[in-house]
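# Results of the structural survey
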Amino acid sequence: MTAAETITNYLTRRAAEVNDWLDRLVPSESTPPEQLHRAMRYSLLAGGKRLRPSLVLAAGEALGADTDDLMPAACAIEMIHTYSLIHDDLPAMDNDDLRRGRPTCHKAFGEAVAILAGDALLTQAFRVLALDAPKRNAERQVRVIGEIATAAGTVDALIGGQMADIEGEGKSLGPAEVDYIHRSKTGAMICASVVVGGIIAGANESQIEKLREYGRRIGLAFQIADDILDVTSTSEQLGKTPGKDQAAKKATYPAIYGMAASQARAREIVDEAVAIASSLGPTAYVLEEMAGFIIARTS
Ligand code: GRG
């Protein structure tokens, strides 16, 4: 990122690079089974901010890694994120019609194909990481795979957080339970993105710990911002249906603490994240900017 470039321009540029790689890392629409590959590509290449892959790139490059060495892991994380969105939108889960500004995968392709498209993206993510392994330091790649699998898993992680979210619907949850859901469902994959960049760059343990602390904070801030946007935004801005949290009586930051306190808390957490990133030195400047973007975003 150059001094003259805004964080929005930086993210647009990174998203275009990530999209090129994603396009090459999933089978084409003409590869059988065509309908399944169409559905995978429909959801994966439908836009999206590419925040998680951009975090892999920003963290890795800050600590000296080359972009091409970071891209396979960055794209694997985006594939897992997209699978989670496809499955979350299904009638058995959040039952949504709109995602990334277009009909959800099951609306466009039917439920059975959407389930398989999600499964296939999750599988393809680990295939990409395995096929990339011969080009990498083996010990680091195993650690990367473990880090991503853990974040996508059940303990303080994506699937576990989704389960707690489902179990909590309609109940009056307290702050600790809401923090657990946010940390697991959303925070774990965001945090892993930052840490994975550091591992690929060969960061030392103290640097990795700092990245993890930074990642934990921006992961939580991201979800608080998401809760706020669910109340304040339109479907045009979000590319998905707003107001769903309130309709499902979900425990969110604004519901528990009120809007002003939620905004203040998100700002506080981001300030902490910026201070941690700045302790990694001037090359981590992009991470500071990204922390700010997380709560300034409108979609
Ligand atoms: C089905 C295992 C499983 C998990 C689903 C991701 C998820 C868990 C649910 C999605 C619903 C939701 C609102 C999650 C919290 C915030 C979040 C992950 C928003 C979407 O991420 P963005 O804003 O989306 O980065 P884009 O489209 O920009 O990639």
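As shown above, the structure is provided for reference.
Below, the structure is looked at part by part. As the structure is a computational prediction, the values presented were derived from the model and not from experiment.

## A few points about the environment of Leu 85
By the element assignment, Leu 85 lies in helix 4 (residues 67-89). Among the residues examined, Leu 85 registers a relative accessible area of 14% and is labelled buried. Spatially, the C-alpha atoms of Leu 85 and Asp 156 are 18 Å apart, while their sequence positions differ by 71 residues. In this view, Leu 85 contacts Arg 99 and Arg 100; residues no more than four positions away in its chain are not counted.

## Things to note about the site of the ligand
For the ligand, the set of nearby residues contains 19 residues, the closest of which are Lys 49, Arg 52, His 81, Arg 100 and Gln 223. Interatomic distance of 2.7 Å between a side-chain N/O atom of Arg 52 and an oxygen atom of the ligand. A distance of 2.8 Å separates an oxygen atom of the ligand from a polar atom in the side chain of His 81. Starting from 700 Å² of accessible surface for the ligand in isolation, the protein chains cover 92%. When each cavity is represented as a set of grid points, the ligand is found to reside in the largest pocket. Put simply, the parts of the chain that give the shell around the ligand at least two residues each are helix 4, helix 8 (158-168), helix 9 (175-200) and helix 10 (205-232). The greatest single-element share of the shell around the ligand, amounting to 6 residues, is contributed by helix 4.

## Digging into the side chain of Glu 5
Looking at where Glu 5 falls in the secondary structure, it is placed in the segment before helix 1 (7-25). Separated by 2.9 Å, the side chains of Glu 5 and Arg 13 make a polar contact. Apart from residues lying up to four places away in sequence, Glu 5 is in contact with Tyr 10 and Arg 13.

## Focus on the packing of aromatic side chains
Considering all chains together, one arrives at 2 aromatic pairs under this definition. With a centroid separation of 5.2 Å and 75 degrees between ring planes, the pair formed by Tyr 42 and Phe 109 is classed as edge-to-face. Note that Tyr 42 is positioned in helix 2 (residues 34-44) and Phe 109 in helix 5 (residues 105-109), a separation of 67 residues in sequence. Given a relative accessible area of 17%, Phe 109 falls into the buried group. One residue, Arg 24, lies across the ring of Trp 21, its end atom 5.1 Å from the ring centre. Over the face of the ring belonging to Phe 222 we find Arg 297, whose NZ or CZ atom lies 3.8 Å from the ring centre.

## Digging into empty space enclosed by the protein
Following the criterion strictly, the structure yields 1 cavity of 30 Å³ or more and no others. Lining the largest cavity are 13 residues, with Ser 43, Arg 99, Arg 100, Thr 104 and Cys 105 sitting closest to its centre. At the level of elements, helix 2, helix 4 and strand 2 (102-103) are the ones that each hand at least two residues to the lining of the largest cavity. Broken down by element, the lining of the largest cavity gets its largest block of residues, 4 residues, from helix 4. Across the lining of the largest cavity, the residue classes tally to 6 nonpolar, 3 polar and 4 charged.

## Thoughts on the layout of surface pockets
The calculated volume of the largest pocket comes to roughly 1100 Å³. The wall of the largest pocket is formed by 47 residues, among which Leu 85, Asp 88, Arg 99, Asp 226 and Lys 240 lie closest to the centre. Examining the composition of the lining of the largest pocket, we find that 7 residues originate from one element, helix 4, more than from any other. Residues belonging to the lining of the largest pocket are distributed by class as follows: 14 nonpolar, 13 polar and 20 charged. Empty space within the second largest pocket amounts to approximately 460 Å³. Taken together, 17 residues line the second largest pocket, and the ones lying closest to its centre are Asp 156, Arg 183, Ala 188, Cys 191 and Arg 216. Mapped onto the lining of the second largest pocket, the elements with two or more residues apiece are helix 7 (138-151), helix 9 and helix 10. The greatest single-element share of the lining of the second largest pocket, amounting to 7 residues, is contributed by helix 9. Among the residues forming the lining of the second largest pocket, the class breakdown is 6 nonpolar, 3 polar and 8 charged.

Definitions and limits used
Residues numbered from 1 in each chain as written. Predicted model: local features only at pLDDT ≥ 70, side-chain atom pairs only at ≥ 80, totals over all residues. Heavy atoms only, no water. Helix = DSSP H or I, 4+ residues; strand = E, 2+ residues; numbered from the N terminus. Buried < 20%, exposed > 50% of the residue type's maximum accessible area, 1.4 Å probe, protein only. Contact = heavy atoms within 4.5 Å. Near = heavy atom within 4 Å. Polar contact = N/O pair within 3.5 Å; in protein donor to acceptor, adjacent residues only side chain to side chain. Areas by Shrake-Rupley, 256 points an atom, 1.4 Å probe, with all protein chains shown as cover. 1 Å grid on protein atoms, 1.4 Å probe; cavity = no way out; pocket = protein on both sides within 12 Å on 5 of 7 lines; lining within 4 Å. Sits in = over half its atoms within 2 Å of the grid points. Phe/Tyr/Trp six-rings, centres within 6.5 Å; stacked < 30°, edge-to-face > 60°. Lys NZ or Arg CZ within 6 Å of the ring centre and 35° of its normal. Points joined across faces, edges and corners; volume = space filled by probe spheres on them. Nonpolar A, V, L, I, M, F, W, Y, C, P; charged D, E, K, R; others polar.

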